Amino acid sequence: MNYKKLIPNQEIRFKILGLLDFLPDKFMIKIQYWIKTGRILNLENPKRFTEKLQWYKLYYRDPLMTQCADKHNVRQFIIEKGYENILIPQYGVYDNANDIDFDNLPSEFVLKTTNASKTNILCHDKSTLNIEETINTLNQWLVDRPVKMGREWAYYDIKPKIICEKLIKDKTNNKKELSDYKFICFNGEAKYVWIDIDRYSNHKRNFYDLEWNFLDVDSDIPNCGDIIPKPGGLERMIQVATDLSKDFPHVRVDLYWVNEEVYFGELTFYLLSGYEEFKPDQFDFILGEQFKVDKMKY
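Overview of the structure.

Quick notes on the rules
- Note on numbering: residues in each chain are counted from 1, in written sequence order.
- With pLDDT at 70 or above as the cut-off, local features in this predicted model cover only qualifying residues; side-chain atom pairs require 80 or more to be listed or tallied, and sums for whole chains, interfaces and linings still use all residues.
- To get the side-chain values, all heavy atoms of the structure are used, and hydrogens and water are removed first.
- Secondary structure elements follow DSSP: runs of H or I of four or more residues count as helices, runs of E of two or more count as strands, with numbering from the N terminus.
- Any helix carries an expected span of 1.5 Å times its number of residues minus one.
- Only protein chains enter the accessibility calculation, which uses a 1.4 Å probe; a residue is then buried when its area is under 20% of its type maximum, exposed when over 50%, and partly exposed in between.
- The arc in question is formed by the directions pointing from the helix axis toward the C-beta atoms.
- By this definition, two strands are paired if DSSP reports at least two bridges between them.
- Angles here are taken between N-to-C directions and fall from 0 to 180 degrees, while the axes themselves are lines fitted to C-alpha atoms, restricted in helices to the stretch in contact.
- Two residues qualify as a contact provided that any one of their heavy atoms is within 4.5 Å of a heavy atom in the partner residue.
- Two aromatic rings, drawn from Phe, Tyr or Trp (for Trp, its six-membered ring), form a pair once their centres lie within 6.5 Å of each other, and the interplanar angle then sorts them: stacked below 30 degrees, edge-to-face above 60, tilted otherwise.
- Here a polar contact is recorded for every N or O atom pair within 3.5 Å, except that within protein the pair must consist of a potential hydrogen donor and a potential acceptor, and residues adjacent in sequence are included only if both atoms are side-chain atoms.
- A pair is scored as a salt bridge if a Lys or Arg side-chain nitrogen falls within 4 Å of a carboxyl oxygen belonging to Asp or Glu.
- By nonpolar core is meant a set of buried Ala, Val, Leu, Ile, Met, Phe, Trp, Tyr and Cys residues that side-chain atoms within 4.5 Å join together.

**Some points on the environment of isoleucine 12**
Secondary-structure assignment places isoleucine 12 in helix α2 (residues 10–19). For the pair isoleucine 12 and glutamate 51, spaced 39 residues apart in the sequence, the C-alpha separation amounts to 27 Å.

Following this line, the structure appears as structure tokens:
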């Protein structure tokens, strides 16, 4: 079912989800899984990765996940792991966009919220930034997303804030968009990596194994074929992802390789909220085989 065609306005979809907050997580997750995948969710004997992610939402609740899902509070976790050097410098943290002193910010920076995806503003030239519009957008992001939108437990107790950080630029190419390396990890082992390229222009997503063998897999974003060279920092990124994932049965570790340096992006526990339809469909089962929910206890 293409629910986005039925209700194309995102704000209306958010309002509907907000009105349904009272429904139990298990019931709502089953409904959402059916609406978004067309399949009946099997929680008793899950085989697919997408099914096991729904199980993860419902039954595995480690408070450390809430800290690490918060894009600001995760920094302390990274520091404790000995990786302070991969953190992108921060300029400020704010409860409200009206608190941002734009005069004291550099000409380039990134603004984002701490509890959501796709809530980023990349400023390449402050002199051209519509500050009033930026403030309104950020403040709207703080309030318009229902906390229980995807029934992703780790986000329930995050207080939304705004963070401002340095804009990292790749000196080796003219593109303003960084390539984003996302390592899919299970029980402290990185298994696969996907790379997002040209996210704000011609978005493509490729999947690879850890030897950088191309996997002909599509998700909600199509792949661009086996044309992306192996990054020079792959082994370093694998080591970082391995170390950062050891505390969790499953996590996606997002990193950047820029100017011969590794930078931390975020930790994600519910990859694509567990509603993704992979092509080929078998990849859902391949990932599911790595996710040992039957051995999880919390």
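**Examining helix α3 (residues 25–37)**
Each turn of an α-helix holds 3.6 residues, which means side chains three or four residues apart point in the same direction. Counted at 1.5 Å a residue, the expected span for α3 with its 13 residues is 18 Å, and the 18 Å between its end C-alpha atoms agrees. Taken together, the buried positions of α3 are occupied by Asp25, Met28, Ile29, Gln32, Tyr33 and Thr37. Along the axis of α3, the buried residues cluster in a sector spanning 135 degrees; they form a single face. Residue glycine 38 follows α3 closely and has a positive phi angle near 80 degrees.

**Notes on the sheet that holds strand β4 (residues 162–165)**
One open sheet accounts for four strands, arranged β1-β4-β2-β3; its pairing is antiparallel. Each end of this open sheet is capped by a strand with a single partner; those strands are β1 (90–94) and β3 (120–123). Recorded for the sheet is a direction-independent mean angle of 15 degrees between the axes of neighbouring strands. Bridge count between strand β2 (residues 109–113) and β4: four bridges; the pairing is antiparallel. From the neighbouring strand, threonine 113 faces β4, where its bridge partner is isoleucine 162. Contacting β2, β3 and β4, helix α7 (residues 131–143) runs over the sheet at an angle of about 155 degrees to β3.

**Let's talk about α7**
For α7, spanning 13 residues, the distance from its first C-alpha to its last is 19 Å, which sits close to the expected 18 Å at 1.5 Å a residue. Buried-residue contacts for α7 involve β2, β3 and β4.

**Side note on the packing of aromatic side chains**
Following the criterion strictly, the structure yields 20 aromatic pairs and no others. Centre to centre, the rings of phenylalanine 77 and phenylalanine 248 are 5.9 Å apart; their planes meet at 50 degrees, and the pair counts as tilted. Here phenylalanine 248 lies in the loop between α8 (234–245) and β9 (250–258) and phenylalanine 77 lies in helix α6 (residues 74–80), a separation of 171 residues in the sequence. The pair formed by phenylalanine 77 and phenylalanine 248 is uniform in burial state, with each residue classed as buried.

**Looking at the environment of tryptophan 153**
Structurally, tryptophan 153 can be placed in the loop between α7 and β4. Separated by 116 residues in sequence, tryptophan 153 and phenylalanine 269 place their C-alpha atoms 9.8 Å apart.

**A word on the environment of aspartate 284**
On the secondary structure map, aspartate 284 appears in helix α9 (residues 282–290). When the C-alpha atoms of aspartate 284 and lysine 47 are compared, they prove to be 8.6 Å apart, with 237 residues separating the residues in sequence. Dropping the residues within four chain positions of it, aspartate 284 is found in contact with Arg39, Arg48, Phe49, Thr50 and Phe278. Within the structure, aspartate 284 has its side chain in polar contact with the side chain of arginine 48 (distance 3.1 Å).

**Describing the pattern of salt bridges**
In this structure the tally under the stated criterion is 19 salt bridges. The network of salt bridges with common partners includes Asp25, Arg61, Lys148 and Arg151.

**Structural notes on unusual backbone geometry**
Here the residue pair lysine 279 and proline 280 is connected by a cis peptide bond, since its omega of 5 degrees sits within 30 degrees of zero. A positive phi angle is found at leucine 272, which is not glycine, with a value near 50 degrees. Inspection of the secondary structure assignment puts leucine 272 in the loop between β10 (261–268) and α9. You can call leucine 272 partly exposed: its relative accessible area is 26%.

**Considering the pairing of β3**
Put simply, side chains in a regular strand alternate between the two faces of the sheet. Residues Ile121 and Cys123 line the buried face of β3, whereas the alternating positions Asn120 and Leu122 sit on a face that is not buried. Relative to β3, β2 runs antiparallel, the two being bridged by four bridges. Opposite phenylalanine 109, over in β3, you have cysteine 123 as the bridge partner. Counting the residues between successive antiparallel strands, the hairpin from β2 to β3 contains six residues, one of them, lysine 118, with a positive phi of roughly 60 degrees.

**Side note on the nonpolar core**
In this structure, Tyr56 and Phe183 are the most contacted members of the largest nonpolar core, which totals 66 residues. Not counting residues within four places of it along the chain, the set of residues in contact with phenylalanine 183 comprises Ala190, Tyr192, Val193, Leu210, Leu234, Met237, Ile238, Ala241, Val251, Arg252, Val253 and Leu255. Formed by 16 residues, the second largest nonpolar core is a distinct cluster that contains Phe102, Phe109, Leu111 and Ile121.

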